[in-house]
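Observations on chain architecture
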Amino acid sequence: MKAIVYSNRGSPDILKLEEIERPTPGDDEVLIKVRAASVNPLDSGLSRHPFLRRILFAISKSKINRPGRDVAGPVEAVGSNVTQFKPGDAVFGLCGGAFAEYACASASALAMKPDNASFEEAASVPLAGLTALQGLRKGKIQPGQKVLINGAAGGVGTFAVQIAKSYGAEVTGVCSTRNVEMVRSIGADRVFDYTREDFTKSGQHYDLIFDLVANHSFSARRRVLNPKGTYIGAGIVGLGGSMVRLLAHQITKLLMSRFVSQKVVTLMAKISKEDLAILGELIEAGKVTPVIDRCYSLSEVPDAIRYLEEGHARGKVVITFQSPA
C-alpha cells in the first residue's frame, strides 16, 4: 500500500510517499480502508521534531511511527476480540499512520460515522472535536453562560463555537476579518475581528474563555473574565513552536491562578469512544457541521502541513482519497 513515512530530518519535507506493507489488525484492532484523514498541529510538530517522535513512539501502544491521527473509512477487517464493528461499517476516530491507504486503529478509539457526514467531514472531527467537547465540559459550561472562544475560525474553534451553542451558551468568537462571516454563520452571537478590536479592552465579561491562541497576557485575559469564571487553555503553542515558551506560559498560568478567584484549566484531549459517539450524534442532529478549508491528496500531505503551519486555515485541512471504482 502507499503511505506517508518519515525520513530523519526536521520539516514537512521529510515526509515521503512510499510503498509499504499493509498492516494486519491486532486482536483489539480494526483495519480501515482510509477514505479521508485530517491534518493537525501535532503532525506539524512531529515532522519538525524527530526527538519528540522518538519519545511518542517509545510510549505509544500502537507502535506506529508514521504521521496522521484522524481517520475515516470503511472497516476492512477486525481483530478476534472486536465485536462492535464488522467489515463494511463506516467509522471515524483516531489511529496511528492515518496518511496511508490502510490504517489500524484500536476499536476503543472509533465510532460509527454519522450517516449525514461525508468521510472527509468525519475525518475532520476526532482530535479537534474531542478537544472542543472535553474543553467546554471541563470548563463546566452551562446554558445561558457567556462564552468567548479565541481562535474561533480554526480547527478546534469551529467545533467549539457550535458545541457551546448546543449547550445553550451565548457565544462570542474572535477571528480575523476574512473569517467573521463564517464564524457568525456557524452560530456565534457576536464576533470580534482581532485586526480591528481587542476583546480584552471591550468592557465585556465572560463566564468561560476557551483560548486557542494565547495572544494576550494573563492579566489582560483575567480582566474580561468574571470573578468566578473559568479560563481554558488549549492548543496554545503547537509542537512546532517554542517548547520553552510553552513551558513558561503554563508555569505563569499555574502560579498566577493560585492568587485569583478565577479557575484556570489546561487541557489535553483524551481518546474516548463515548465522546466520539457524542460528536457523531451532534452532527446527526445538525447541531455541528464540520468546517473544511481545503482538501489535499495523499501525495500532497507535505503541502497540507505547510498550509496549516501558515496559521490561516479556516476549519480543518483534510487528506482525501479517491473513491474506489
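Comments concerning the environment of aspartate 211
Relative to the helices and strands, aspartate 211 resides in strand E12 (residues 206-211). With 63 residues separating them along the chain, aspartate 211 and leucine 148 place their C-alpha atoms 8.1 Å apart. With residues up to four places along the chain from it excluded, the contact list for aspartate 211 reads Asn150, Arg221, Tyr231, Ile232, Gly233 and Ala234. In terms of polar contacts, aspartate 211 uses its side chain to reach the backbone amide nitrogen of valine 213, at 3.2 Å.

Overview of helix H9 (residues 273-284)
The terminal C-alpha atoms of H9, which comprises 12 residues, lie 16 Å apart, in line with the 16 Å expected from a rise of 1.5 Å per residue. For H9, the complete set of buried residues consists of Asp275, Leu276, Leu279, Gly280, Leu282 and Ile283. For H9, the angular spread of the buried residues around the axis is 160 degrees, confining them to a single face. Close packing links the buried residues of H9 with strand E6 (90-94), strand E8 (110-112), helix H4 (126-138) and helix H5 (155-166).

Considering the nonpolar core
Core analysis: the biggest nonpolar cluster contains 49 residues, and Leu136, Ile149, Ile163, Val183 and Phe210 have the highest contact counts within it. Dropping the residues within four chain positions of it, valine 183 is found in contact with Ala152, Ala153, Val161, Gly173, Cys175, Ala188 and Val191. Membership of the second largest hydrophobic core comes to 33 residues, among which are Val30, Cys95, Val301 and Phe321.

Some words on the pairing of strand E15 (residues 292-296)
As paired elements, E15 and strand E16 (residues 316-320) share 4 bridges and run parallel to each other. Residue arginine 294 lies in a different strand from E16, and its bridge partner there is valine 317. In this region the chain leaves E15, passes through helix H10 (residues 301-309) and returns to the parallel neighbour E16; the handedness of that crossover is right-handed.

A short note on the sheet that holds strand E13 (residues 225-233)
Pairing is parallel in the open sheet, where 6 strands are placed in the order E11-E10-E9-E12-E13-E14. This sheet does not close on itself; its edge strands, each paired only once, are strand E11 (190-193) and strand E14 (263-266). Within the sheet, the average angular offset between the axes of one strand and its neighbour, ignoring direction, is 15 degrees. Strand direction decides the pairing type here: E12 and E13, joined by 5 bridges, are parallel. Bridged to phenylalanine 210 within E13 is isoleucine 232. Against the sheet, H5 contacts strand E9 (146-150), strand E10 (170-175) and E12, and its axis sits at roughly 170 degrees relative to E9.

Points about the pattern of salt bridges
Counted under the stated rule, the structure contains 12 salt bridges. One salt bridge connects arginine 22 with glutamate 76, and the closest N-O pair in it is separated by 4.0 Å. Residue arginine 22 is found in the loop between strand E2 (15-19) and strand E3 (29-33), and its partner glutamate 76 is found in strand E5 (residues 70-78); the two are separated by 54 residues along the sequence. For aspartate 303, the salt bridge goes to arginine 306, with nearest N and O atoms at 2.8 Å. Placement of the pair is aspartate 303 and arginine 306 together in helix H10, with a separation of 3 residues, close to one helical turn.

Scoring rules and cut-offs
- Residues numbered from 1 in each chain as written.
- Predicted model: local features only at pLDDT ≥ 70, side-chain atom pairs only at ≥ 80, totals over all residues.
- Heavy atoms only, no water.
- Helix = DSSP H or I, 4+ residues; strand = E, 2+ residues; numbered from the N terminus.
- Contact = heavy atoms within 4.5 Å.
- Polar contact = N/O pair within 3.5 Å; in protein donor to acceptor, adjacent residues only side chain to side chain.
- Expected span 1.5 Å × (residues − 1).
- Buried < 20%, exposed > 50% of the residue type's maximum accessible area, 1.4 Å probe, protein only.
- Arc of directions from axis to C-beta.
- Core = buried A, V, L, I, M, F, W, Y, C linked by side-chain atoms within 4.5 Å.
- Pairing = 2+ DSSP bridges.
- Right-handed = clockwise from strand over helix to strand, strands pointing away.
- Axes fitted to C-alpha atoms, helices over the stretch in contact; angles between N-to-C directions.
- Salt bridge = Lys/Arg side-chain N within 4 Å of Asp/Glu carboxyl O.

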